Amino acid sequence: MNRTKKFAVAAAACAALIGGAGAVVDSPADAAIYPVGKVQGHAAFAIGPYAKKEVCQKRADILKSAGAKRFGSMFGECYFRNGAWWARSPWAA
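Numbers given to residues run from 1 along each chain, matching the order in which its sequence is written. With the structure being a predicted model, the display of local features is reserved for residues of pLDDT at least 70 and the display and counting of side-chain atom pairs for 80 or more, all residues being used for whole-chain, interface and lining totals. Side-chain metrics rest on all non-hydrogen atoms present in the structure, leaving aside hydrogens and water.

1. With respect to unusual backbone geometry
The step from G48 to P49 runs through a cis peptide bond, and the omega angle for that step is -5 degrees. For P49, the location among the structural elements is in strand 2 (residues 42-50). Within the chain, Q40 stands out as a residue other than glycine whose phi angle is a positive 50 degrees. Unlike most non-glycine residues, N82 shows phi in positive territory, near 55 degrees. Looking at where N82 falls in the secondary structure, it is placed in the loop between strand 3 (78-81) and strand 4 (84-89). Among the residues examined, N82 registers a relative accessible area of 73% and is labelled exposed. Counting from the N terminus, the helices are DSSP H or I runs at least four residues long and the strands are E runs at least two residues long. Only protein chains enter the area calculation, which uses a 1.4 Å probe; residues under 20% of their type maximum are buried, those over 50% are exposed, and those in between are partly exposed.

2. Quick word on the pairing of strand 3
Strand direction decides the pairing type here: strand 3 and strand 4, joined by four bridges, are antiparallel. Across the sheet, residue C78 finds its bridge partner in strand 4, namely A87. Two strands pair under a simple rule: DSSP has to find at least two bridges between them. In this structure, the hairpin formed by strand 3 and strand 4 is closed by a connection of two residues, where N82 is found at a positive phi of approximately 55 degrees.

3. So, the pattern of salt bridges
When a carboxyl oxygen of Asp or Glu is within 4 Å of a side-chain nitrogen of Lys or Arg, the pair counts as a salt bridge. Scanning the model with the defined rule gives three salt bridges in all. Between D61 and K64 there is a salt bridge, with the nearest N and O atoms lying 4.0 Å from each other. A residue pair is termed a helical-turn pair when its members lie 3 or 4 positions apart in one helix, as D61 and K64 do in helix 2 (residues 53-65) at three residues. In this structure, the salt-bridge partner of K64 is E77, at a minimum N-O distance of 3.7 Å. With K64 in helix 2 and E77 in the loop between helix 2 and strand 3, this pair connects stretches of sequence that are 13 residues apart. The class of K64 is partly exposed, set by a relative accessible area of 32%. Given a relative accessible area of 27%, E77 falls into the partly exposed group.

Listed below in structure tokens is the structure:
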């Protein structure tokens, strides 16, 4: 990713957090989607943040059943970062 694109992604993420997006949610339907660069050579998106791993796992299971694992073993999984759980997706929506 070039410098301009990295800056734009970082600026968008900061604006969303400052604007109130990014509040921890308890429902997969309430989550936000953030671009996080590339994972295993494919564009990646973080879906969340979730307060509980169990809630995140519901989203991860949806991603797995939709074929997220075809893009790499790390997709369709939850991970803990910055005090919350996130589901890793190869899709923006």
